[in-house]
Each structure stands twice: as structure tokens, then as C-alpha cells.
Amino acid sequence: MKRKQILATVAMLAAGAGLAACSDGGGGGGGSDANNCTNTITKKDLPAVTMWGWYPNMQLVVDNFNKLNDEVQVCWTNVGQGGDEYDKFQTAISAGTGAPDVIMIEADRIPTFQIQGALVDIKQYGFDAVKANYSEGAWKDVSVGDAVYGVPVDGGPMGMIYRKDIFDKYKITPPKTWAEYEQAAQKVKDAGGPLFGDLGANVPAVLMALQIQKGATPFTFDPAQPKAIGVKLNDQASKDVLDYWGGLAKKGLVGTQNQFTPEYISGVINGDYATYISAAWAPGYLTGAGVGKGQDTGKFAVAPLPQWDPANPVQVNWGGSAFSVTKQAKKPELAAKVAYGLYADKESLTDGWTNQIIFPLNLTALKDPAFVDLKVAFFGGQQANKEVYVPAADAYKGVQYAPFGQYYLDAMEKQVSEIIKGSVTGSQAADRLQEDVTKYAKEQGFTVQ
């Protein structure tokens, strides 16, 4: 399951009723037709900006924006989640018509559309006025070079969810380094305990994040040279991470179950895993999937992500979306006003983190005591945001994504599957991945550096 599918599943589990309501106006296009809105525009004398998006509470967000704004109104349509929306957008790009003015895009997909000339650099349309509302890392994720192609909305700072009951039983304290993680895993195994974690082939973005945490830079890309790209997938840091997780699996310290499956969730519920390496949206996903509602209630806690080098801690991210302005927008300055203003008011932000599975990136929320000091029920009242997720989000420095990121993740998934089978080592998998992605990049017309 790809990350966009995971996030869509997350949203569906957490807010099925709300998502169904949002979907009523979707599926059929929408495009640039301001007369085809899911929402009702009450200020009909104002210009309208069309927008595609699939957040569960988008209706509320759009209504809040329209209520508060006397310069422009949003005409929203849900044309599908993740890949379904991207396919429609790609069709509109090819046709030169039919795209909305503003579109919700996952951050790692922005370069894919930017390189086609389908997105607008919104830096010239009020960026300075809102720059301070988001962290450096949040802006880097939606940028290509110095140009800004989206407004950050939600993210996925990573942490280590763990079973308190298992840690207590085997007298384990949350490991602060990956070396300590392996030591704890061995201790639990030697005592006849459960698997310590899981190496899922279908979550390659996790391994990418951990490679970046160790110092890898998978891609370098300069929009001034749009057909040149740096691809470095088999450097020592990347090999070390794959060898590390492959070694854990070979020793039987972690499982090799695909995640986000009924079998995996059942294992989490039954205590088959001591830890779950994931993002800030995971508690909501797990709750929606039935974790923390039965015999496992109150048994989970979260700790900061273990580090490769504790003297130089690095925080990483999994997931996140933004609002981008398309090149087909007739009035990009008005479209940018919408992109900057959506999910920026207090009511929308609060609803996002209280009723949905959204970790907000707007610092208005990240500095709100109600959010920071929240006692998270899933974690038995632990102040998870204050202790783990907010510090991780604050320290995150951002990533340069590739224009063909989905191919890379698919190729990574294949190689991780081979590691799990035992047919290659982590280092060999990294070399094969480098060869595969380099060949693909060249086939797409890139000069690989």
C-alpha cells in the first residue's frame, strides 16, 4: 500500500461519515467550472476560485474560509483521494484544460507536477506575509529550489509507539538509539517475548525517512537545470539502514508483515509487536482500526524516534499534504490567497486535530496550548504532542523530493521484498535500487549526476 493510499485509509477509518458527506459532490470532474460546487457559495457577488481536495472536513474548512473572506470565495469539489485525483489532474494537464485553480497534493508529488509546468510558484503572491506561520522544514517540502509550489497543511513527524505492558514485562526502557533498539529487541526475543517491530515492504517511505535520518540525500534537483538530477540511493548511509533492518529481520527480531493489513492490525492488537515506528497520524489510524478499544486499551505510549547518532539528532517525517495553485488558474493571485487561507483559521485547525487525523503544520496550532498540552486518550493520557511530535516537527528540516518519487518508492518496495526473502542483502538491494532508478531517470530524459 502506497503512502497516499495509507493516508486515504486513515481518513476513512477516522471520519467515515464526514468523508462520505464530502464525497457526494466528487468523482465527476469539477475542473474550472465555478458553477459545479459541492459547497454552497453565499457571497455570490465575489469572484470564485475552484478547488479540489479530499480532507474529511473539507466542507467545514471551505465554509469557514468563505464566511471569513470578502475578496474571494472557494468552489470546492472532491474528485477522489490521492491517486484518483492525481489521474484526473494529469488528464487536465495533458488536455490543457479542466484543472481547478487550487489543488490538494501530497508534498512528495509536487515535483512530479512542477516539472511539467503545471503548478505556479506562489512566492510572488503573498508568501512573505505567511512565511512565519510554518517551519523551515514544512516550506522545504513544498518547494523546488527557491520556488514555492504549495502551502503546507499537515505532516507526519515520526516517533516510536510502543506497548507499555511489554516494555514493563521485560524491563525495557524506550531505546534512544537504533543500537539500543536492536539490543532491546534481542533481550525480548531471548526471554521468549514477541517481535520487537516490523519491516514492512509496503511502507518504503519509512525506510527512506530513516536513511535520510542517517544522512542520506536520495535526490538533488535544481529547477534551473530541470533535466538534470542527482540520484544517490546506494551511499553508505542508505546501505547501512537497509542492512540494519535486513539484519533485524534475519535474526527474527522484527516481523516482515505488510502493514495496514488486517493481519498486521490484529498483531498490533494482540501484542505481537512491541513497537510501531510511524508518524503522528498513526494513533488516529490505529484507533479507527480498532486498536486501543479492547483488551489493549491504555497499553500504548510513544517515545521520540531512536537516533543513529545521539550527538547529532535528526528528525524525519512521513506524510503530508499542501494546497497548490495550478497553471490553469485564471487569476493566480486570488488562487494563492485561497491556498494560503485554507486551513489557516483557528476553527478549521482545531477541528482538524480534534476530529480528524491531521497533524497541523500551521504554527498557530503547533503553539496552541490546547494542542501542545493535549492528553492523548490513545496513549493513556500521555502528552504525546508536547513530548514527541511537536519537538519532532519543529526540528524537521525538510526533504528534496524527486519528480518521479512514486517510481522510486515502488522500486524500493521491490528491493525490500527481496531483502525479506533473503535473496539480497541490504547493501545489494541499495545497489540494485540505484541501478533501477538511474535507468528509469535516463529513460525519462534526465541526465543523472
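Residues numbered from 1 in each chain as written. Predicted model: local features only at pLDDT ≥ 70, side-chain atom pairs only at ≥ 80, totals over all residues. Heavy atoms only, no water.

Undergrad: Would you mind going over the pattern of salt bridges with me for this structure?
TA: Note that side chains of opposite charge can pair when their charged atoms are close. In this structure the tally under the stated criterion is ten salt bridges. Between Asp-70 and Lys-43 there is a salt bridge; the shortest N-O distance is 2.8 Å. Taken together, the residues Asp-70 in the loop between helix 3 (58-68) and strand 2 (73-77) and Lys-43 in the loop between helix 2 (16-23) and strand 1 (48-52) connect sequence positions 27 residues apart. Of the charged contacts, one joins Lys-251 and Glu-182 as a salt bridge, the two residues approaching to 2.6 Å between their closest N and O atoms. (Salt bridge = Lys/Arg side-chain N within 4 Å of Asp/Glu carboxyl O. Helix = DSSP H or I, 4+ residues; strand = E, 2+ residues; numbered from the N terminus.)

Undergrad: It is not clear to me how the nonpolar core should be interpreted in this structure. Could you clarify?
TA: Side chains of nonpolar character tend, in soluble globular proteins, to be buried together. Counting residues in hydrophobic clusters, the biggest one holds 149 residues, and the most contacted among them are Phe-89, Trp-245 and Phe-323. Among the elements that line this core, the one with the most residues is helix 10 (residues 204-214), at seven residues. Those residues in contact with Phe-323 that sit more than four places away from it in its chain are Tyr-55, Met-58, Val-102, Ile-103, Met-104, Gly-150, Val-151, Val-153, Ala-339, Leu-342 and Tyr-343. (Core = buried A, V, L, I, M, F, W, Y, C linked by side-chain atoms within 4.5 Å. Buried < 20%, exposed > 50% of the residue type's maximum accessible area, 1.4 Å probe, protein only. Contact = heavy atoms within 4.5 Å.)

Undergrad: I tried to follow helix 9 (residues 178-190) on my own but got confused; where do I start?
TA: Within an α-helix, residues lying three or four positions from one another point in the same direction, as the helix has 3.6 residues per turn. For helix 9, spanning 13 residues, the distance from its first C-alpha to its last is 18 Å, which sits close to the expected 18 Å at 1.5 Å a residue. Within the span of helix 9, buried status applies to Trp-178, Tyr-181, Ala-184, Ala-185 and Val-188. Viewed end-on, helix 9 has its buried residues packed into an arc of 110°, placing them on one side of the element. Turned more than 90 degrees off the buried face of helix 9, the exposed positions are Gln-183 and Asp-190. In this structure, the buried side of helix 9 is in contact with strand 6 (151-163), strand 7 (197-198), helix 10, helix 11 (236-250) and strand 11 (275-279). (Expected span 1.5 Å × (residues − 1). Arc of directions from axis to C-beta.)

Undergrad: So what exactly am I meant to see when it comes to the pairing of strand 2 here?
TA: Consecutive side chains of a regular strand alternate in pointing toward one face of the sheet and then the other. With respect to burial, strand 2 is a largely interior element, five of its five residues being buried. Burial along strand 2 is two-sided: Gln-73, Cys-75 and Thr-77 and Val-74 and Trp-76, pointing in opposite directions, are all buried. With five bridges joining them, strand 1 and strand 2 adopt parallel strand pairing. Bridging across to strand 2, Ala-48 finds its partner in Gln-73. Handedness of the β-α-β unit built from strand 1, helix 3 and strand 2 comes out right-handed. (Pairing = 2+ DSSP bridges. Right-handed = clockwise from strand over helix to strand, strands pointing away.)

Undergrad: Would you mind going over the sheet that holds strand 9 (residues 228-231) with me for this structure?
TA: Within a sheet, neighbouring strands are paired by backbone hydrogen bonds and run either parallel or antiparallel to one another. Taken in spatial order, the three strands of this open sheet run 8-9-15, and their pairing is mixed. Among the strands making up the open sheet, the edge pair consists of strand 8 (219-221) and strand 15 (447-448). Where strand 8 lies against strand 9, three bridges are found, and the strand directions are antiparallel. When the bridges of strand 9 are listed, Phe-221 appears paired with Ile-229.

Undergrad: Just to check I follow, could you spell out helix 4 (residues 83-95) for this structure?
TA: Across its 13 residues, helix 4 extends 18 Å between first and last C-alpha, which sits within 8% of the 18 Å expected from 1.5 Å per residue. Along helix 4, the residues classified as buried are Gly-83, Glu-85, Tyr-86, Phe-89, Ala-92 and Ile-93. Positive phi shows up at Gly-96, right after helix 4, with a value of about 80°.

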